[in-house]
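Results of the structural survey
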Amino acid sequence: MATFGNLSDRLAETFKNLRTKGKLSASDVDGTVREIRRALLDADVSLDVVKQFTGQVRERALGDEVNKALNPAQQVVQIVNEELIAILGGQQRRLQFAKNPPTVIMLAGLQGAGKTTLAGKLAKHLAKDGHTPLLVASDLQRPNAVNQLQVVGSQAGVPVFAPEPGNGVGDPVKVAKAGVAEARRALHDVVIIDTAGRLGVDAEMMKQASNIRKATDPDEVLFVIDAMIGQDAVTTAKAFQEGVDFTGVVLSKLDGDARGGAALSVASVTGRPIIFASTGEGLDDFEPFHPDRMASRILDLGDILTLIEQAQQAFDEEEALKVAEKFATDQFTLNDFLGQMQQLRGAGSIKKMLGMLPGAGGMKQQLENFDEREIVRTEAIIQSMTPAERENTKLLNGSRRLRIAKGSGMTVTDVNQLVQRFEQAAKMMKTVARGGVPQIPGMGPIPGAGGYGGGKRQAAKNKKKSGGSRSGNPAKRAAENEAIASGATQAGQGRAPSGSGFGLGAGTGPKNAPTEEELASLQKLLGR
Amino acid sequence: MAERASWSLGAALRGVFGAKTIDDDTWDDLESALIRADFGPAVTEEIVAQIRAQVERFKTTDPKDVQRMLREVVEERLAKYDPTLKLTERPAVVLVVGVNGVGKTTTIGKFARFLRSYDRSVVVGAADTFRAAAVDQLATWAERAGVGIVRPEREGQDPASVAFQTVDKAKQDGTEIVIIDTAGRLHTKDGLMDELGKIRRVVEKQAPISEVLLVLDATTGQNGLAQAEAFIQHGGVTGLVLTKLDGSAKGGFVLAVQEKTGLPIKLIGQGEGIGDLTGFTPHVFAQKLVG
């Protein structure tokens, strides 16, 4: 799904102001909430839903639950996103099939919402899954809707039941009923009933839809709604809920650039889940609906939220505190180092996480080159050590190193490098943990030590380096090793109010597209 | 036919205009009502500010005045542009464009009838060769309206060539007005938008295009503006048609579209019947909208 700029830019602008502050004041929150309100209205979310939504966001943003590991911008982003997903239905739902076939699916919606096209798509989709759908032409209103369904049906390779020519001739209720009977006779396990488009205010037509429903007793009634619809979405959805009581929603024309705020309104007002999204004119342009993706689309936040969440989950704060203590008391061992690394890996594929950062698209190639197994190798080396060796690296003499190298399938040089890196890192962390600022050649200010700036990028680099540098250049290697250390340090400070949940959180405001400089340095590191 | 009452903002504003005096609630309610009618946050703010200023200047406390001012403001904004259709060329070629499902084909059927009622000879061209059965749909409308139709010679024919043939036929037969249906296209699909440019160029070889009408669905939200901008860029739109006004949507976004693009609304559609299309009159529209 595509994402669109306007809203993102505007929120990013607001958040930029927030990002320089450590705490949210009531007026900060009000300003942000106003922007969000406008943004949602521009995205065609219904006014009542917007009011309710912004009220909740405001309350939560001012509340105490605010996560200390994140900076204000992310506090708000996260709250907004959680609320959005909550309304959109949290989980995706699948079609409910009848215990005794045929499963009857009825389509309803306004004129031009895309019902007939959707009927074809749905039929094709079901046929692919091994079902034998039958399309029933109950739209006898619009000129040549029956023909259209027949064409669509033949394109999808699905039979169409069309006893009436349409164009105002025939009774749609009878056709629907006969269609279900026909399916039973010819052993089709799914029946899809295409109905005429109707307006919510048209009592007579709503009655007809309700009659079709009564006559066929469908297992699913899908309400097809155009993603481009405006404030009227609520009125229409309510009218259809009262009229035919649909069980699910299909959002059509999502391939346009409408933000689809209607999805939010409809889900919120009717409480019915959105099941499918229709994304083009081809019969295959059809997919299950993902609430989380839609939330991102409405607010255009990319997958950044996933990233924040993953980082938070991956790094629990208790652990961080323990590690910080260990730094300070000089007890940081290879065991802890290993633990840190495993936490990182718990965050999921690093490549994937990097790919989710906004603006990372351009770095695809570098991402491809990055070897994730590096971390695995480092892990293997540490795990080939005895517990005593992990506690105290000084034990490691030549023969132990050889054993470790053999055990992990690496060379003695690799083991030496790791140990050396670890010792340097531990030493430096100690300095930091005691409050000093270590001198790191070529790295610039240390992330986490000096506020929010650049946290994300740095963290990204740090993570990669966890695998350890294999650089032949001792100075570069040292710098890179220290980068690992600083990553860990930052993690250790995660609980400090100015810090971030392991460095990742700090910069993850939506505006954080990488600067040229950051990109350049990242490329250098990746291309090593 | 559906009841028309719900089309007006009247119900939403009854509370505002029925109140005893003008207070903060008045403005909140007014703002809500305008947003609900899809005016969009920007235009809504402008209108509310404008009326607020007027209320202050005239020192009125009667909500009835607010109603009158709102009507005037809306009318004034709508009346800035000339809604007259220019069909003086012979043949006058009208191209009808829009996104999928806004009611282009239906509008053409009604428009053809509308022109017939003024005793103009009309031919329609079925250049929507993409959507299944679109040609048949148009043919049915043409028959109802009692006008001629030019169909594609074969399935999937280039829409530009159908348009060309239609104009060609009109010239030979001396038909006064040519209406060309095009396939619905989302304004984000560049390939399809380019196709529209091609139709234009090809038709212009035969005769100048008098009007390019962009059909907008009244239920559309703020995306309507993006649609209009894209179609102006690729299709050289000269006027807007607002359809589906018989529903509960109020189409307030056209105000923003009109102002941002400078395009007048020329026709409005209010139903599926063949007579449900009228010319656009700012005064009547504002009157109906505000109540």
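Predicted model, so just to flag it, every value in this text is computed and none were measured. (Residues numbered from 1 in each chain as written. Chains lettered and ligands numbered in written order. Predicted model: local features only at pLDDT ≥ 70, side-chain atom pairs only at ≥ 80, totals over all residues.)

**Some words on the overall build of chain A**
Basically, it comes down to this: The helix count covers DSSP runs of H or I at least four residues long, the strand count covers runs of E at least two residues long, and both are numbered beginning at the N terminus. Around each residue's C-beta, the other C-beta atoms within 10 Å are counted; 20 or more make the residue buried, 12 or fewer make it exposed, and counts in between make it partly exposed. All C-beta atoms are placed from the backbone.
In terms of regular secondary structure, chain A is built from 23 helices and eight strands. By the burial criterion, 54% of the 528 residues in chain A qualify as buried.

**Points about the pairing of strand 1 (residues 92–97) of chain B**
Residue and element names in this part refer to chain B. This is how the line gets drawn: When DSSP finds two or more bridges between two strands, those strands count as paired.
By the criterion of burial, strand 1 is predominantly enclosed, with six of the six residues buried. Neither face of strand 1 is exposed, since Ala92, Val94 and Val96 on one face and Val93, Leu95 and Val97 on the opposite face are all buried. The pairing of strand 1 with strand 4 (residues 177–182) spans five bridges and is classified as parallel. Each bridged residue has a counterpart across the sheet, and for Val93 the counterpart in strand 4 is Val178. Across five bridges, strand 1 lies against strand 5 (residues 209–217) in parallel orientation.

**A short note on the sheet that holds strand 2 (residues 122–127) of chain B**
Strand pairing in a sheet takes place through backbone hydrogen bonds and is either antiparallel or parallel in direction. All names here are of chain B. What counts here: Note on geometry: axes are lines fitted to C-alpha atoms, helical ones only across the stretch in contact, with angles between N-to-C directions running from 0 to 180 degrees. Residue pairs are scored as contacts if the distance between their C-beta atoms, which are placed from the backbone, is within 7 Å.
Read across the open sheet, the eight strands follow the order 3-2-4-1-5-6-7-8; overall the sheet is mixed. Two strands close off the open sheet at either side, each with one partner strand: strand 3 (148–150) and strand 8 (277–279). Direction aside, the axes of adjacent strands within the sheet are offset by 25 degrees on average. Across the sheet, helix 5 (residues 104–116) touches strand 1, strand 2, strand 4, strand 5, strand 6 (239–243), strand 7 (265–269) and strand 8, and the angle it forms with strand 4 is around 170 degrees.

**Side note on the confidence of the model for chain B**
In low-pLDDT regions, the fine details of the predicted coordinates are not to be read closely. Residue and element names in this part refer to chain B. Stated formally: Scored from 0 to 100, pLDDT reflects the predictor's confidence in each residue.
Looking at chain B as a whole, the pLDDT averages 87, with 96% of positions reaching at least 70. Counting interchain partners and residues more than four positions distant, the pLDDT-below-50 stretch residues 1–6 has nine contacts. Here the complex is predicted with pTM 0.67, and the ipTM for its interfaces comes to 0.80.

**Quick look at the sheet that holds strand 2 (residues 133–138) of chain A**
Strand order in the open sheet formed by eight strands is 3-2-4-1-5-6-7-8 (chain A), with mixed pairing between adjacent strands. Only two strands of the sheet have a single neighbouring strand rather than two, namely strand 3 (160–161) and strand 8 (286–288) of chain A.

**Re the interface of chain A and chain B**
Stated precisely, the cut-off is as follows: Charged means Asp, Glu, Lys or Arg here, nonpolar means Ala, Val, Leu, Ile, Met, Phe, Trp, Tyr, Cys or Pro, and polar covers whatever is left, Gly included.
Counting from both sides, the interface comprises 34 residues of chain A and, opposite them, 36 residues of chain B. Where the side of chain A that touches chain B is concerned, the elements lending two or more residues are helix 2 (26–42), helix 6 (145–156) and helix 9 (232–243) of chain A. A class-by-class count of the residues in the side of chain A that touches chain B yields 12 nonpolar, 13 polar and nine charged.

**Considerations on the environment of B:Glu195**
Here B:Glu195 lies in helix 8 (residues 190–206). For the pair B:Glu195 and B:Asp158, spaced 37 residues apart in sequence, the C-alpha to C-alpha distance is 9.4 Å.

**A word on the confidence of the model for chain A**
All names here are of chain A. Summing up the model confidence of chain A, the mean pLDDT is 72 and the portion of residues at 70 or higher is 62%. Contacts from residues 1–6, a stretch scored under 50 in pLDDT, to residues over four places away or in other chains number 11 contacts. Per-residue pLDDT stays below 50 along residues 438–472; that stretch engages in 97 contacts with residues further than four places along the chain or on separate chains.

**Comments concerning the packing of helix 2 of chain A against helix 3 (residues 47–62) of chain A**
All names here are of chain A. Defined as follows: Between 65 and 115 degrees an angle is taken as roughly perpendicular, under 35 as roughly parallel, over 145 as roughly antiparallel, and anywhere else as oblique. The hand of a helix crossing depends on one turn: near helix anticlockwise from the far one by less than a right angle means left-handed, and clockwise means right-handed.
Between helix 2 and helix 3, the shortest axis-to-axis distance is 10 Å and the interhelical angle comes to 155 degrees. Regarding the angle of helix 2 to helix 3, the classification is roughly antiparallel. In this structure, the crossing between helix 2 and helix 3 has a hand that is right-handed. Across the interface between the two elements, Ala26, Val29, Val33, Ile36, Arg37, Leu40 and Leu41 from helix 2 touch Val50, Phe53, Thr54, Val57, Arg58, Ala61 and Leu62 from helix 3.

**A closer look at the packing of helix 2 (residues 24–36) of chain B against helix 3 (residues 41–58) of chain B**
Any two packed helices are characterised by the angle at which their axes cross and by the distance between the axes. All names here are of chain B. Running from amino to carboxyl end, helix 2 crosses helix 3 at an angle of 145 degrees, the nearest separation of the two axes being 9 Å. Where helix 2 crosses over helix 3, the handedness of that crossing is right-handed. Along its contact with helix 2, which presents Trp27, Leu30, Glu31, Leu34 and Ile35, the element helix 3 presents Pro41, Thr44, Ile47, Val48 and Arg52.

**Here we look at unusual backbone geometry**
With an omega dihedral of 5 degrees, the bond running from A:Pro101 to A:Pro102 counts as a cis peptide bond. For the bond from B:Arg90 to B:Pro91, the omega torsion is -5 degrees, close enough to zero to count as cis. As for its placement among the helices and strands, B:Pro91 is situated in the loop between helix 4 (63–78) and strand 1. A positive phi angle, close to 60 degrees, is found at A:Asn144, a residue other than glycine. Summarising the element assignment, A:Asn144 is placed in the loop between strand 2 and helix 6. For A:Asp245, which is not glycine, the phi torsion reads 50 degrees and is therefore positive. As for its placement among the helices and strands, A:Asp245 is situated in the loop between helix 9 and strand 6 (248–252). Judged by the 13 C-beta atoms lying within 10 Å of it, A:Asp245 is partly exposed.

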